[in-house]
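One-letter residues, chain by chain:
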Amino acid sequence: MARSRVPILIMGVVLWCCLTTPAKAEYMKYKDPKQPIPVRIQDLLDRMTLEEKIGQMVQIEREVASAEVMKEYFIGSVLSGGGSVPAPQASAETWINMVNDFQRGSLSTRLGIPMIYGIDSVHGNNNVYKATIFPHNIGLGASRDPELVKKIGAATALETRATGIPYAFAPCIAVCRDPRWGRCYESYSEDPQIVQDMTDIIPGLQGGIPTDSPKGVPFVAGKNNVVACSKHYVGDGGTTKGIDENNTVIDWQGLLSIHMPAYYTSIMKGVSTVMISYSSWNEIKMHTNRELITGFLKNTLGFTGFVISDWEGLDRITYPPHANYSYSIQAGIHAGIDMVMVPYNYKEFIDGLTFHVKNNVIPMSRIDDAVRRILRVKFVVGLFENPLADNSLVDQLGSQEHRELAREAVRKSLVLLKNGQSLNQPLLPLPKKTSKILVAGSHADDLGYQCGGWTMEWQGFNGNNRTIGTTILAAIKNTVDPSTNVVYKENPNAEFVKSNNFSYAIVVVGEHPYAETDGDSMNLTIADPGPTTIRNVCGAMKCVVIIISGRPVVIEPYLASIDALVAAWLPGTEGQGVADVVFGDYGFTGKLPRTWFKTVDQLPMNVGDPHYDPLYPFGFGITTEPTTRQSDDNPFLSISSYFN
């Protein structure tokens with residue numbers, strides 16, 4: 001009996017060892033950074049269920065996101081819409097904690113696929129308190145400086161990463177052909193070549209693509225860079241009368257020559273994502289245009305990143321929106337959209353897409369294509385190795401270095417349209433030292449006005465209490481001699497102007513902030529009481545008028561009384577750049593990125609049109625040299641007035 005117990009005892013020991021020794025973890029190629037990305041993608045794709053695949057195709061708004069939602073529905077992406085923040089005046093750390101909370105939900109799923117968080121960093125990380133706000137794209141187009149734009153892209157990437165976010169919905173590479181369009185300031189120019197040149201912001205955002213990198217493949221250099229998004233594909237800047245989300249009527253050759261070139265260049269520079277336009281091309285909604293999305297963008301141009309819809313883009317396939325959502329899902333996914341910015345009704349989208357796949361309306365091959373592209377970008381950006389953000393870049397948010405870069409961008413974006421009533425008697429640059437000057441106008445001391453739309457809120461804001469920056473009035477006070485008395489009156493009457501013995505006046509007026517459809521305008525007028533301010537001040541004394549606007553506006557009726565006229569566009573938080581040039585520390589160098597019309601009846605009017613008769617032509621801009629002139633008594637130094 002004793003001998004028979006020995007084998008039993010040995011077997012017990014062996015069983016105990018088996019139960020207590022950890023099983024060797026299954027080797028998963030997709031988790032191995034040494035494996036080639038295509039191998040990792042295929043390995044992960046082979047492991048995924050339909051539910052997990054469809055989840056990857058969904059992007060939801062942070063307001064409806066949570067760690068639990070991310071886990072339960074396998075959500076692939078989260079975004080902040082305009083003005084959507086975790087808390088008022090949220091710190092970088094608060095943003096990071098929110099993003100990481102969502103990410104932990106994603107990482108707790110069966111396969112642990114990280115989500116990607118996106119935000120509209122269209123002129124800096126413009127949703128975020130204390131971020132550096134750069135000039136909007138129209139001003140950067142006036143600079144004609146791709147290298148500057150590349151630096152702005154790199155700074156924007158750092159400030160976006162500072163908040164834990166790896167994906168920026170930028171750049172907008174629309175070619176705005178009608179300034180009545182409410183998004184015209186998001187366009188660098190009416191000229192396709194300038195827009196193409198400005199795609200250098202992509203290697204700024206993503207990092208420079210290696211010389212041996214295959215064309216059409218997404219590229220992101222590392223943790224200091226972000227996924228970029230060229231938008232809005234295609235023709236969004238060419239709609240009839242500039243009406244947002246409207247129909248672009250143009251033939252194939254016109255589409256290729258005007259609206260498509262910047263997309264080709266973007267793809268060559270490794271852009272990772274492309275966003276589809278709300279607009280239509282010859283009555284076909286872009287969100288349903290399989291020929292242009294799958295046929296041309298993916299197959300002909302060889303784009304292998306992912307295609308994302310715009311906000312509720314599938315809903316807007318029908319009119320009224322969401323009228324037949326089942327059809328919209330089918331049409332949009334069939335067209336080649338890979339990720340859908342839902343952003344709220346994600347359960348309805350998931351159920352609808354699942355139904356279409358299970359009933360063979362949408363083939364599994366289309367789903368696999370979409371997920372393969374999404375995973376490719378996630379692998380490229382390094383999310384599988386570094387899914388959680390840390391605090392290492394928080395000091396980049398609103399850094400002095402970035403503010404100096406923004407100030408430089410403001411200087412280079414200013415376009416001098418008029419300088420004196422005659423060329424041999426220029427008014428600018430202004431003397432810093434004089435007895436008393438008047439600063440007037442609704443936009444002189446309003447940070448929100450000078451930043452424009454897509455700043456803190458979707459439609460922008462007014463006032464000086466929403467973020468940090470320097471208004472033009474503050475910049476003037478910083479710049480003039482301490483002995484110069486600066487008097488600010490927003491809308492002075494003529495009697496006040498005449499009775500105060502001012503040496504000269506600076507009038508700062510323009511448009512109020514707007515975004516998208518809310519900015520569509522058929523009259524393009526300066527906001528009241530701007531015209532009255534111009535008349536009251538410039539009718540009584542020497543004045544320089546600075547226009548803060550997202551596009552050319554009606555100015556001809558007031559031009560005769562204006563001594564000097566500056567187009568400052570939407571300069572952002574660093575108003576000091578305006579004073580730098582107006583007072584001569586730097587010269588004017590900017591050139592019009594678009595035609596300045598005489599009357600709105602001429603629109604649309606672009607350089608090369610047969611009826612071209614502008615107030616100021618495309619490319620116009622008076623240049624000046626820097627001067628050390630400090631008082632009324634000193635002569636101007638080296639002023640030139642040539643135009644291109």
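Residues numbered from 1 in each chain as written. Predicted model: local features only at pLDDT ≥ 70, side-chain atom pairs only at ≥ 80, totals over all residues. Heavy atoms only, no water.

## Some details on the environment of Tyr504
Then, number 1: By secondary structure assignment, the location of Tyr504 is in the loop between helix H19 (494–498) and strand S15 (505–510).
Then, number 2: Residue Tyr504 is classed as buried on the basis of its relative accessible area, which comes to 3%.
Then, number 3: Considering only alpha carbons, one finds Tyr504 and Lys269, 235 residues apart in sequence, at a separation of 48 Å.
Then, number 4: Those residues in contact with Tyr504 that sit more than four places away from it in its chain are Leu430, Pro431, Thr434, Lys436, Ile437, Leu438, Met541, Lys542 and Phe583. (Helix = DSSP H or I, 4+ residues; strand = E, 2+ residues; numbered from the N terminus. Buried < 20%, exposed > 50% of the residue type's maximum accessible area, 1.4 Å probe, protein only. Contact = heavy atoms within 4.5 Å.)

## Looking at the packing of aromatic side chains
Then, number 1: The tally for this structure, following the rule as stated, stands at 14 aromatic pairs.
Then, number 2: Pairing Tyr73 with Tyr346 gives two aromatic rings, centres 5.4 Å apart and planes at 75°, and the pair type is edge-to-face. Separated by 273 residues along the polypeptide, Tyr73 in helix H4 (residues 67–73) and Tyr346 in helix H14 (residues 346–358) bring together distant segments of the chain. Each member of the pair, Tyr73 as well as Tyr346, is classed as buried. (Phe/Tyr/Trp six-rings, centres within 6.5 Å; stacked < 30°, edge-to-face > 60°.)

## Overview of the domain arrangement of the chain
Then, number 1: The assigned domain composition of the chain is domain 1 (29–396) and domain 2 (414–616).
Then, number 2: Averaged C-alpha coordinates put domain 1 and domain 2 at centres separated by 35 Å.
Then, number 3: Taken together, the 42 residues of domain 1 in the interface contact 42 residues of domain 2.
Then, number 4: Between the two partners, domain 1 and domain 2, sit one salt bridge.
Then, number 5: Residue Arg183 is joined to Glu516 by a salt bridge in which the shortest nitrogen-to-oxygen separation is 3.5 Å.
Then, number 6: Counting across the domain 1 and domain 2 interface gives 28 residue pairs in polar contact (both at pLDDT 80 or more).
Then, number 7: In the side of domain 1 that touches domain 2, the residues fall into 17 nonpolar, 13 polar and twelve charged. (Domains from an automatic or database assignment. Salt bridge = Lys/Arg side-chain N within 4 Å of Asp/Glu carboxyl O. Polar contact = N/O pair within 3.5 Å; in protein donor to acceptor, adjacent residues only side chain to side chain. Nonpolar A, V, L, I, M, F, W, Y, C, P; charged D, E, K, R; others polar.)

## Section: the pattern of salt bridges
Then, number 1: As enumerated under the stated definition, the model contains 26 salt bridges in all.
Then, number 2: A salt bridge links Lys298 to Asp369; its shortest N-O distance comes to 3.3 Å. On the criterion of sequence distance, the pair formed by Lys298 in helix H12 (residues 290–300) and Asp369 in helix H15 (residues 364–380) is long-range, its members being 71 residues apart.
Then, number 3: Among the residues examined, Lys298 registers a relative accessible area of 5% and is labelled buried.
Then, number 4: The salt bridge partner of Arg403 is Glu574, with a shortest N-O separation of 2.7 Å. Taken together, the positions of Arg403 in helix H16 (residues 400–413) and Glu574 in the loop between strand S17 (564–569) and helix H21 (576–582) put the pair 171 residues apart, joining distant regions of the chain.
Then, number 5: Arg403 gets classed as buried once you look at its relative accessible area, which sits at 10%.
Then, number 6: Judged by relative accessible area, Glu574 falls into the buried class, the value being 8%.
Then, number 7: One salt-bridge network, in which partners are shared between bridges, spans Lys298, Asp338, Arg366, Asp369 and Arg373.

## Details of the side chain of Ser272
Then, number 1: Relative to the helices and strands, Ser272 is located in the loop between helix H11 (261–268) and strand S7 (273–276).
Then, number 2: Here the side chain of Ser272 touches Gln206 through a polar contact of 2.9 Å, side chain to side chain.
Then, number 3: Ignoring any residue separated from it by four or fewer positions in sequence, one finds Ser272 in contact with Gln206, Pro218, Phe219, Val220, Val227, Ala228, Phe303, Gly305, Phe306 and Val377.

## Describing the side chain of Ser521
Then, number 1: With respect to the element layout, Ser521 can be found in the loop between S15 and helix H20 (530–538).
Then, number 2: Classification of Ser521 as buried rests on a relative accessible area of 12%.
Then, number 3: A polar side-chain atom of Ser521 sits 2.9 Å from the main-chain amide nitrogen of Leu524.
Then, number 4: Those residues in contact with Ser521 that lie beyond four places of it in its chain are Arg180 and Arg551.

## Description of the sheet that holds S7
Then, number 1: Reading across the sheet, the three strands line up as S5-S7-S10 and stay open at both edges, with parallel pairing between neighbours. Taken across any chain shown, the strands that pair with only one partner, and hence form the sheet edges, are strand S5 (229–233) and strand S10 (306–308). Direction aside, neighbouring strands of the sheet carry axes that sit 25° apart on average.
Then, number 2: Sheet topology places S7 next to S10; three bridges connect them, and they run parallel. What sits directly across from Thr273, in S10, is Phe306.
Then, number 3: Packed on one face of the sheet, H11 meets S5 and S7 and runs near 155° to S5.
Then, number 4: Across the sheet, H12 is in contact with S5, S7 and S10; its angle to S5 comes to roughly 140°. (Pairing = 2+ DSSP bridges. Axes fitted to C-alpha atoms, helices over the stretch in contact; angles between N-to-C directions.)

## Here we look at the state of the cysteines
Then, number 1: Within this structure, the stated rule accounts for two disulfides.
Then, number 2: One disulfide bridge connects Cys176 with Cys184, the sulfur atoms lying 2.2 Å from each other. The S-S bond linking Cys176 to Cys184 shows a torsion near -105°; that makes this disulfide left-handed. Per residue, the accessibility class of Cys176 equals that of Cys184, and both read buried. (Disulfide = S-S within 2.5 Å.)

## Details of the packing of helix H2 (residues 37–47) against H15
Then, number 1: Taken N-terminus to C-terminus, the directions of H2 and H15 make an angle of 130°; their axes are 10 Å apart at the nearest point. Taken together, H2 and H15 sit at an angle that is classed as oblique. Regarding H2 and H15, the two cross each other, and that crossing is right-handed. Residue-level contacts link Ile37, Arg40, Ile41, Gln42, Leu44 and Leu45 of H2 to Asp368, Val371, Arg372, Leu375, Arg376, Phe379 and Val380 of H15.
Then, number 2: Class assignment of the residues belonging to the contact of H2 with H15 gives a composition of eight nonpolar, one polar and four charged. (Parallel < 35°, antiparallel > 145°, perpendicular 65-115°, else oblique. Left-handed = near helix turned anticlockwise from the far one by under 90°.)

## Let's talk about unusual backbone geometry
Then, number 1: In the segment running from Asp528 into Pro529, the intervening peptide bond is cis, with an omega of 0°.
Then, number 2: In this fold, Pro529 is placed in the loop between S15 and H20.
Then, number 3: Here the bond from Leu603 into Pro604 is cis, since omega is 0°, no more than 30 degrees from zero.
Then, number 4: A positive phi is found at Asn282, a non-glycine position, where the angle reads about 50°.
Then, number 5: You can see Asn282 is positioned in the loop between strand S8 (280–281) and strand S9 (284–285).
Then, number 6: On the basis of relative accessibility, which here comes to 33%, the residue Asn282 falls in the partly exposed class.
Then, number 7: Even without being glycine, Asn360 reaches a positive phi, approximately 60°.
Then, number 8: Its place among the elements puts Asn360 in the loop between H14 and H15.

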